[in-house]
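Report on the structure
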Amino acid sequence: QVQLVESGGGLVQPGGSLTLSCAASGRSIFSIYIMGWYRQAPGKQRELVATMAYGGTTDYGDSVKGRFTVSRDNAKNTVYLQMNSLKPEDTAVYYCNAQSVVTTPTRYDELWGQGTQVTVSS
């Protein structure tokens, strides 16, 4: 079984920075096509933050372009989210996402982490 374990959330002041990490753990992970982050604020739908494909192609939500950077270490099955110039409206639960996870002998279409809270407030 594969699990996504997130870390790095917390409280930060407006204008500050924070880095999230998410590691896929489990036996015999061969590859993960897309890894990334989504977020959900209270009363709102879950939305795309940023994703990165295995080959490096990235996709960002409009509200975070130019401020957030997604990266990944394929050898470690880990994805990172560097968040700069944080705003109060970035406050949300951030969820790690993995798509097309190939293991031996199971392939998972999509997996989600448990979520980590990010609060931007003075």
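In case you missed it, the structure is sitting above this.
All values reported here derive from a predicted model rather than from experimental measurement.

About the thresholds
Per-chain numbering applies: the sequence of each chain, read as written, is numbered from 1 onward. Whole-chain, interface and lining totals are the exception, using all residues; otherwise, since this is a predicted model, local features are given only for residues with pLDDT of at least 70 and side-chain atom pairs are given and counted only at 80 or more. Neither water nor hydrogens contribute to the side-chain values; these are computed over all heavy atoms in the structure. Note on aromatic pairs: the rings of Phe, Tyr and Trp (six-membered ring only in Trp) are paired at centre separations within 6.5 Å, and the planes decide the class, stacked below 30 degrees, edge-to-face beyond 60, tilted for the rest. Per the convention used, a helix needs a DSSP run of H or I reaching at least four residues, while a strand needs a run of E reaching at least two, with both numbered from the N terminus. Burial status follows relative accessibility: with a 1.4 Å probe on protein chains alone, a residue under 20% of its type maximum counts as buried, one over 50% as exposed, and anything between as partly exposed. In this analysis the charged atom, NZ for Lys or CZ for Arg, is taken to sit over a ring once it is within 6 Å of the ring centre and within 35 degrees of the ring normal. Contacts between residues were defined by any pair of non-hydrogen atoms, one from each residue, lying within 4.5 Å. The definition of a polar contact used here is a pair of N or O atoms within 3.5 Å, where within protein one atom must be able to donate a hydrogen and the other to accept one, and adjacent residues in sequence count solely through side-chain atom pairs. Detection works on a 1 Å grid of protein atoms alone, calling trapped sets that fit a 1.4 Å probe cavities and calling open sets with protein on both sides within 12 Å along at least five of seven lines pockets, with lining residues defined by an atom within 4 Å of a point. Grid points are joined across faces, edges and corners, and a volume is the space filled by probe spheres set on the points. Three classes are used, and their members are as follows: Ala, Val, Leu, Ile, Met, Phe, Trp, Tyr, Cys and Pro are nonpolar, Asp, Glu, Lys and Arg are charged, and the others, Gly among them, are polar. Nonpolar cores were defined as sets of buried Ala, Val, Leu, Ile, Met, Phe, Trp, Tyr and Cys residues, with membership established by side-chain atoms within 4.5 Å. In this analysis, strands are considered paired if DSSP registers two or more bridges between them.

Per the stated rule, a full pass over the model turns up 1 aromatic pair. Judged by centre distance (5.3 Å) and plane angle (65°), the ring pair of tyrosine 38 and tryptophan 112 falls under edge-to-face. One end of the pair, tyrosine 38, is in strand E4 (residues 29-40); the other, tryptophan 112, is in strand E10 (residues 107-112), with 74 residues separating them in the sequence. Residue tyrosine 38 is classed as buried on the basis of its relative accessible area of 19%. On the basis of relative accessible area, tryptophan 112 is assigned to the partly exposed category, the value being 34%. For arginine 46, the ring lying beneath its charged end belongs to tyrosine 95, and the centroid distance is 3.8 Å.

Below, the discussion takes up the environment of serine 17. With respect to the helices, strands and loops of the structure, serine 17 is situated in the loop between strand E2 (10-12) and strand E3 (18-25). Considering only alpha carbons, one finds serine 17 and serine 85, 68 residues apart in sequence, at a separation of 6.2 Å. Excluding residues that lie within four positions of it along the chain, serine 17 makes contacts with Val12, Gln82, Met83, Asn84, Ser85 and Leu86. One polar contact links serine 17 to asparagine 84, side chain to side chain, over a distance of 2.9 Å.

As a volume, the largest pocket reaches approximately 190 Å³. Lining the largest pocket are 13 residues, and of these Arg39, Ala41, Lys44, Glu47 and Glu89 lie nearest its centre. Within the lining of the largest pocket, the residues separate by chemical class into 2 nonpolar, 4 polar and 7 charged.

Membership of the largest hydrophobic core comes to 31 residues, with the highest contact counts inside it found for Trp37, Val49, Phe68, Val70, Leu81, Met83 and Tyr94. When contributions to this core are tallied by element, the ones reaching two or more residues are E3, E4, strand E5 (47-53), strand E7 (68-73), strand E8 (78-83), strand E9 (92-103) and strand E11 (116-120). With 5 residues, the top contributor of residues to this core is E9.

Moving on, we come to the pairing of strand E1 (residues 3-7). Here E1 shows a clear split, with Leu4 and Glu6 buried on one side and none of Gln3, Val5 and Ser7 buried on the other. Across 5 bridges, E1 lies against E3 in antiparallel orientation. Along E3, the bridge assignment pairs valine 5 with alanine 23.

It is worth stressing that arrangement in space is one thing and function is another; only the former is reported here.
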